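Coordinates in review
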Amino acid sequence: MADAVPLNLKIIGMVVGTAILIGTFTTLQVYRAMEQESYRQLREMSRSIARELAARSQDYILLNDMFGLTRMLKDAVRNLPDLRYAFIVSPNKEVLAHTFEGGFPLDLLRVEHDAQAGVGTKMLQTNEGLVLDSSAPILNGDIGVVRVGVSGKGSEDAITRLIKALVFTTLGVIVLGIAFSGLLTWVITRPVMILLNATRILTEGDFSVRAQKNSGDEIGQLTSAFNQMAAKLEMAERERLEREGIREELLQKIITAQEEERKRIARELHDQVAQSLASLMLELKYLEQTQERRLITESIKRLRATLVSELESIHNIAVELRPSVLDDMGITAALEMYADKFMAKYGIKVELYIYGLKDIRLESYIETSLYRIVQEALTNVARHSKADAVTVIIELINGEIRGILEDNGVGFDMVAKTRNRLGIYGMEERTKLLGGEFKVESEPGQGTMVTFTIPAGVSSESPR
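Note that the structure is predicted; figures quoted are calculated from it, not measured.

The subject of this paragraph is the pattern of salt bridges. Scanning all chains against the criterion turns up 13 salt bridges. Where Lys153 meets Asp157, a salt bridge forms, and the shortest distance between an N and an O atom there is 3.3 Å. Separated by four residues within a single helix, Lys153 and Asp157 lie in helix α3 (residues 153-203), roughly one turn from each other. Looking at Lys153, the relative accessible area reads 45%, which means it is partly exposed. A salt bridge links Glu400 to Arg402; its shortest N-O distance comes to 3.8 Å.

Taken in spatial order, the five strands make up an open sheet running β6-β7-β8-β10-β9, and their pairing is mixed. Strands at the two margins of the open sheet, each flanked by one partner only, are β6 (349-355) and β9 (437-442). Taken pair by pair, the neighbouring strands of this sheet meet at an average axis angle of 10 degrees, ignoring direction. Each of β6 and β7 (389-397) touches helix α7 (residues 331-346); the most contacted strand, β6, lies at about 170 degrees to it. Running at roughly 10 degrees to strand β8 (residues 400-407), helix α8 (residues 364-385) makes contact with β7, β8 and β10 (448-455) of the sheet.

What follows concerns the packing of aromatic side chains. Evaluated as defined, the whole model comprises seven aromatic pairs. Here the aromatic rings of Tyr338 and Phe342 are separated by 6.3 Å at their centres, their planes lie at 35 degrees, and the arrangement is tilted. With Tyr338 and Phe342 both in helix α7, this residue pair falls four residues apart, about one helical turn. For the pair Phe342 and Tyr346, a centre-to-centre distance of 4.9 Å together with 50 degrees between the ring planes defines the contact as tilted. With a gap of four residues between them, Phe342 and Tyr346 both fall in helix α7, about one helical turn apart.

So, how was this worked out
- Residues numbered from 1 in each chain as written.
- Predicted model: local features only at pLDDT ≥ 70, side-chain atom pairs only at ≥ 80, totals over all residues.
- Heavy atoms only, no water.
- Salt bridge = Lys/Arg side-chain N within 4 Å of Asp/Glu carboxyl O.
- Helix = DSSP H or I, 4+ residues; strand = E, 2+ residues; numbered from the N terminus.
- Buried < 20%, exposed > 50% of the residue type's maximum accessible area, 1.4 Å probe, protein only.
- Pairing = 2+ DSSP bridges.
- Axes fitted to C-alpha atoms, helices over the stretch in contact; angles between N-to-C directions.
- Contact = heavy atoms within 4.5 Å.
- Phe/Tyr/Trp six-rings, centres within 6.5 Å; stacked < 30°, edge-to-face > 60°.

So, in structure tokens, the structure goes:
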């Protein structure tokens, strides 16, 4: 449940709780200190009054002037507000004089002080509150003892007023604390709420959102980090959409290329093979009708030439679809054969270097992908580079196949054109599907270099 409490209430609660805790602790400490100090002062006051009255009572007792003694005690009570009573007791426990109106309370006689200890003090609880009862001997107790009672009500009232002032001060601090904590929470939670709203927008897929930075503190640093994250996510989303677009375009191109290839094969089969077969039928029909040996021999020669031509044409179509040498002899022989045909067809010199693959067969899908990557790279050289030489290096090292294709052509601007080269994207996709890495480096006028690395799946099958 604590996690559901808003941040501003948590901050206000902590501030108010701290103010209450400090105020309560301070009030208790002040109350305890004031209580101890008040008791000390009252005790000293009562002892001082007792000693003074004891000194002044000597003459009255010695002269047996009980009326004057009583008047002196009453004058003391009247002039000292905290002095509640005073009386004198003889050594025989007889009350000689007192200040009580309406009779002397005999209970006070039961409160005994040690006569040998000099001035003594005891704390009494009366119907008027706390009273400190002190005794002082007269002439070392030979003629009596003075007893006085000093009320602590005035001190208690002073302490009560001080505690009330502290309580009201604490309440004032709490009110100010709520006000300042409210301001503090607004300062803190405002950027947090901005970040929260921006995060919600971000989770809904709008990566263009940015949070406003209002300070340079930790919240400001968090806002900067959020904006950087949003910018990277926006860039990643843009690249993903571009890749999706390129992938769709590549898929469309592949489908179109497949259809075009099917049309070309169908056209060649129809235009060349079908016509050749029709020509063979005519030749055969001609052979059926002729009887001359010379004409039969010439017709057979024409039939043989037509058959050889058509077989070669059908073989070329099959090789273009998938070279049989790739299945029969492996990737090394297939690449060497393709390089020879590429040089013959385009007039571009190909320097092919293959290391570590001579007596090794790779998994079929890896050989096919490697062949298509090299084929697509050389096709791009022929179409776009205007190069007259290209170097191809394929090597097997530490369980990886590394390839480098570098031409001396015109190159291109990587930023401006790479994303529009579907051939490059197709090679990259083939490489990544195999768990490898693909890279293109080029500058205008500096040629182009394609590098890739793919894991080598080595087959147990020996080359045939």
